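Architecture and fold: a report
One letter stands for each residue in the lines below.
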Amino acid sequence: MATKGEVKKEVFESAEDLAVALAKYTAQLSDKFCKERGAFSVVLSGGSLINSLRKLVEPPYIDSIEWSKWHIFWADERVVPKDHEDSNYKLAYDGFLSKVPLLPGNVYSINDALSAEGAAEDYETCLRHLVKSNVVDISAASGFPKFDLQLLGMGPDGHVASLFPGHPLVKENEKWVTFIKDSPKPPPERITFTFPVINSSAYIALVVNGANKAGAVQNALGNSQNSEKLPVAMVSPEGELAWFLDTAAASKL
Ligand SMILES: O=C1O[C@H](COP(=O)(O)O)[C@@H](O)[C@H](O)[C@H]1O
């Protein structure tokens, strides 16, 4: 287990170097949790993160990772059909999941036939079952599910999952999964993990590329003059937080 509250930060010269390091990090944690728990619960966000996972589908990882022990979840999902261009599931499936030998029953996507409220409730119910069957760990400290690894991206405004700056959902502290119908970034209807679920994680990798994100990175990690704490600055897992930044994203640090 990582040291409680440990924060690591690495800056990479290129997107390629970042992807190589992220694959190594993920593979090492997969090995650790598959040995310790017989399962590896992995949470994905959407967006640019998926492209940063591209090295995992290549040797040596494609052959060495125990893919059948992986269980895949989403930190947030847009309330659209799974074959819609805006679907985080579709993005992950096309770019990553379809290229590795996961068990289809271990991929927990939302029920796209439901409303935003219904889909959030349904996803939380699914998580509660998986906690009972020990597929997902539970945090003794918080009582919220404790995922082994959450792989999160961040928007230029500092949002993580679908928790946006200034939105009341950032303060939700009871629900595991909630919904938003007025997302400032389209599409407007989404479901999202709440901060207590994000912050109960054993490990979080925050993966950020690009100069348009440098301000939000500075808000979280640097000496920003901006007193408003962005959602990304509220990411503080029980275990380890590892930042994977390219030089452009780290340019204001
Ligand atoms: O809308 C979303 O945006 C964020 C950030 O996306 P990026 O393309 O700027 O990396 C993403 O993490 C989230 O899952 C997604 O729904």
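These lines cover the structure that appears in this document, whether it is placed above or below. Remember, it's a predicted structure, so these values are computed and weren't measured experimentally. (Residues numbered from 1 in each chain as written. Predicted model: local features only at pLDDT ≥ 70, side-chain atom pairs only at ≥ 80, totals over all residues. Heavy atoms only, no water.)

Topic: the overall build of the protein
Applied cut-off: In DSSP terms, a helix is any run of H or I states spanning at least four residues, a strand is any run of E spanning at least two, and both are numbered starting from the N terminus. Based on C-alpha atoms, the radius of gyration is set beside the globule rule, defined as 2.2 Å times the residue count to the power 0.38. The contact definition used throughout considers only heavy atoms, calling two residues in contact when any of these lie within 4.5 Å. Shrake-Rupley sampling with a 1.4 Å probe provides the accessible areas, and residues are treated as covered by the protein chains on show and by no other component. Within this scheme the basic residues Lys and Arg register as positive and the acidic residues Asp and Glu register as negative, but His and the chain ends are omitted. Charge positions are represented by NZ for Lys, CZ for Arg, CG for Asp and CD for Glu.
Looking only at helices and strands, the protein features seven helices and 11 strands. The globule rule puts the C-alpha radius of gyration for 253 residues at 18 Å, and the 17 Å found for the protein is close to it. Seen through its principal axes, the protein has C-alpha atoms that stretch 45 × 40 × 40 Å. Once local pairs closer than 6 in sequence are excluded, the contacts in the protein between residues at least 24 apart make up 77%. On the protein, roughly 10900 Å² of surface is accessible, and the fraction owed to carbon and sulfur atoms is 50%. Here the protein holds 25 positive side-chain charges and 32 negative ones, and the gap between their average locations is 3 Å.

Brief notes about the environment of His167
Which entries qualify depends on this criterion: Burial classification: accessible surface area is computed with a 1.4 Å probe over protein chains only, and a residue below 20% of its type maximum counts as buried, one above 50% as exposed, and the rest as partly exposed.
Tracing the backbone shows His167 in the loop between strand S7 (149–152) and strand S8 (177–180). When its relative accessible area of 16% is taken as the criterion, His167 is described as buried. When the C-alpha atoms of His167 and Pro231 are compared, they prove to be 9.5 Å apart, with 64 residues separating the residues in sequence.

What to know about the site of the ligand
Basically, it comes down to this: For each residue, the test is whether any non-hydrogen atom lies within 4 Å of the molecule or strand; if one does, the residue is near. In protein, a polar contact means a hydrogen-donor-capable atom and an acceptor-capable atom, both N or O and within 3.5 Å, with residues adjacent in sequence counting only if both atoms are side-chain atoms; elsewhere, any N or O pair within 3.5 Å suffices. Whether a set of points on the 1 Å grid over the protein atoms alone is a cavity depends on a 1.4 Å probe fitting there but being unable to get out, while an open set qualifies as a pocket with protein on both sides within 12 Å along at least five of seven lines; lining residues are those with an atom within 4 Å of a point. To be counted as sitting in a cavity or pocket, a molecule needs more than half of its atoms within 2 Å of that site's grid points.
Around the ligand, a shell composed of 15 residues is seen, among which Gly46, Ser48, Asp76, Arg78 and Lys213 lie nearest. Between the ligand and the protein, one listed contact pairs an oxygen atom with a side-chain N or O atom of Lys185 at 2.9 Å. For the ligand, whose accessible area on its own is 400 Å², the fraction buried by protein is 92%. A majority-of-atoms criterion places the ligand in the largest pocket.

A few points about the layout of surface pockets
Picture a little ball the size of a water molecule; that probe, rolled over the atoms, points out where space is still empty. How we decide: Grid points are joined across faces, edges and corners, and a volume is the space filled by probe spheres set on the points. Here the term charged refers only to Asp, Glu, Lys and Arg, the term nonpolar to Ala, Val, Leu, Ile, Met, Phe, Trp, Tyr, Cys and Pro, and the term polar to all other amino acids, Gly among them.
Computed from the structure, the largest pocket encloses a volume of approximately 220 Å³. Along its surface, the largest pocket is lined by 18 residues, and Gly46, Gly47, Gly155, His159 and Lys185 are the ones closest to its centre. For the lining of the largest pocket, the class distribution of residues is five nonpolar, eight polar and five charged.

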